[in-house]
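Here are the chains, one letter per residue:
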Amino acid sequence: MIVLGIETSCDETGIALYDSQKGLLSDALFSQIDMHIDYGGVVPELASRDHIQRVLPLINEVLDQAGISKEQIDAVAYTRGPGLVGALMVGACIGKALAWAWGIPSVGVHHMEGHLLAPMLEETPVDFPFVALLVSGGHTQLVQVGGIGRYRLLGESVDDAAGEAFDKVAAMLGLDYPGGPAIARLAEQGQEGRFRFPRPMTDRPGLDFSFSGLKTFTLNTVAKCKQEAGVTELAEQDRADIARAFEEAVVATLTIKCRRALQQTGMKQLIIAGGVSANKSLRAALEAMVEKEGAVLRYARPQFCTDNGAMIAYAGCQRLLAGQSDGPEVVPVPRWPM
Ligand code: KG4
Ligand code: ZN
């Protein structure tokens, strides 16, 4: 079965073709970052308008890349939610219209299920069951995964998502959106141990997270540093040291909770997915932790950690193989628990 995947939930138009037998055939992405950068974040109306321009040309691109014709597509998968409603509407309408015109089924996919299953696009096999850490701009969740659609929420952020905290701290340090990769780059220049930021909610039992206090702590550190130096703009080294301390605190917090989740569930496989799972320090800390626990860590290649069409084509394919498909209506779900 060849599935066309369409991802338009936020600021990337991601299109891919996945073959249930041969694996990923092709994928293409258009990122709108340059368009939103001046606003410091995604402008929903601009995002929707741009997706409209991109989807069909990118579909032609993935067909060309794979060397197949549209007649060979067996089904269409699109992101149904969660995300920006106007942006979701573009992918849903185009996906369903194409499926209807071509006389093939369509299926609406949960964006976070797409992220969760993205490591399965890699060659190293991932077998059920496992513990998954989903860390994106909108979600920070620990999930026990028994199979496709068999998800038990173990814990989640009670306030900001980890990616959101990266983005907000980046703005405090005068870095461009999206903040995660910018903080990671700046942190490499930072001095270890100059600041120690708190590891929120790690001193009490449970698997929930909280990142908003860490954000406030960062803001206060920035203010204190400026005051001590008697300046209005932070020096480059101060910014790097703060970025490093912030990243270390997020990484340590996520690592402590992942270890706890493995111990509580008795699972020996940890999967990380979502934009923040591209973070190299996080990967290194989790690699060291799983080794001690006698477990393994799996993740997707960096371009499949952030939003992409391949994960939607893959997740849609699994849903279709399980006998699921849409009715005729187009109903994006901007807020949707997995
Ligand atoms: O999964 P994603 O592309 O979109 C959502 O579904 O939210 O995640 C985007 C988030 C942003 O907050 C971005 O700053 C963060 O992932 N991110 C990173 C890195 N790359 C992306 N955070 C930390 N380190 C990175 N290398
Ligand atoms: Zn995402």
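Residues numbered from 1 in each chain as written. Chains lettered and ligands numbered in written order. Predicted model: local features only at pLDDT ≥ 70, side-chain atom pairs only at ≥ 80, totals over all residues. Heavy atoms only, no water.

### Considering the coordination of the zinc ion (ligand 2)
Only His111 (NE2), His115 (NE2) and Asp307 (OD) from the protein coordinate the zinc ion (ligand 2), and they sit 2.0 to 2.1 Å from it. One can describe the site at the zinc ion (ligand 2) as tetrahedral: its four donor atoms subtend angles covering 95 to 132° at the metal. Mapped onto the polypeptide sequence, the residues donating to the zinc ion (ligand 2) form the spacing pattern H-x3-H-x191-D. Pair noted here: His111 and His115 are both in helix α4 (residues 111-117), with a separation of four residues, about one helical turn. A relative accessible area of 6% places His111 in the buried class. (Donors = N, O, S within 2.8 Å, 3.2 Å for Na, K, Ca; no water. Tetrahedral: all angles 85-135°; square planar, octahedral: opposite > 155°, others 65-115°. Helix = DSSP H or I, 4+ residues; strand = E, 2+ residues; numbered from the N terminus. Buried < 20%, exposed > 50% of the residue type's maximum accessible area, 1.4 Å probe, protein only.)

### What to know about the pairing of strand β2 (residues 12-19)
Among the eight residues of β2, eight are classified as buried, and the element is accordingly described as predominantly covered. Side-chain alternation along β2 places Glu12, Gly14, Ala16 and Tyr18 on one buried face and Thr13, Ile15, Leu17 and Asp19 on a second face that is also buried. The sheet contact formed by strand β1 (residues 2-7) and β2 spans six bridges and is antiparallel. By the bridge assignment, Ile2 is partnered in β2 with Asp19. What sits between β1 and β2 in their antiparallel hairpin is a turn of four residues. One ladder, built from eight bridges, connects β2 with strand β3 (residues 23-31); its direction is antiparallel. By the bridge assignment, Asp19 is partnered in β3 with Gly23. (Pairing = 2+ DSSP bridges.)

### Some remarks on the site of ligand 1
Around ligand 1, the structure places 19 residues, and the nearest of them are His115, Gly137, Asp167, Gly180 and Asn279. Within the contact set of ligand 1, an oxygen atom lies 3.1 Å away from a side-chain nitrogen or oxygen of His111. The separation between an oxygen atom of ligand 1 and a polar side-chain atom of Asp167 is 2.7 Å. In isolation ligand 1 offers 560 Å² of accessible surface; the protein chains occlude 87% of this area. Contributing elements (two or more residues each) for the shell around ligand 1: α4, α5 (162-172) and α6 (179-187). Class assignment of the residues belonging to the shell around ligand 1 gives a composition of five nonpolar, 12 polar and two charged. (Near = heavy atom within 4 Å. Polar contact = N/O pair within 3.5 Å; in protein donor to acceptor, adjacent residues only side chain to side chain. Areas by Shrake-Rupley, 256 points an atom, 1.4 Å probe, with all protein chains shown as cover. Nonpolar A, V, L, I, M, F, W, Y, C, P; charged D, E, K, R; others polar.)

### What about the side chain of Asp238?
With respect to the helices, strands and loops of the structure, Asp238 is situated in helix α8 (residues 236-265). Among the residues examined, Asp238 registers a relative accessible area of 13% and is labelled buried. Within polar-contact distance, the side chain of Asp238 engages the side chain of Arg194 at 2.7 Å. Not counting chain neighbours up to four residues away, the residues in contact with Asp238 comprise Arg194 and Cys225. (Contact = heavy atoms within 4.5 Å.)

The values reported here are purely geometric and, on their own, carry no functional implication.
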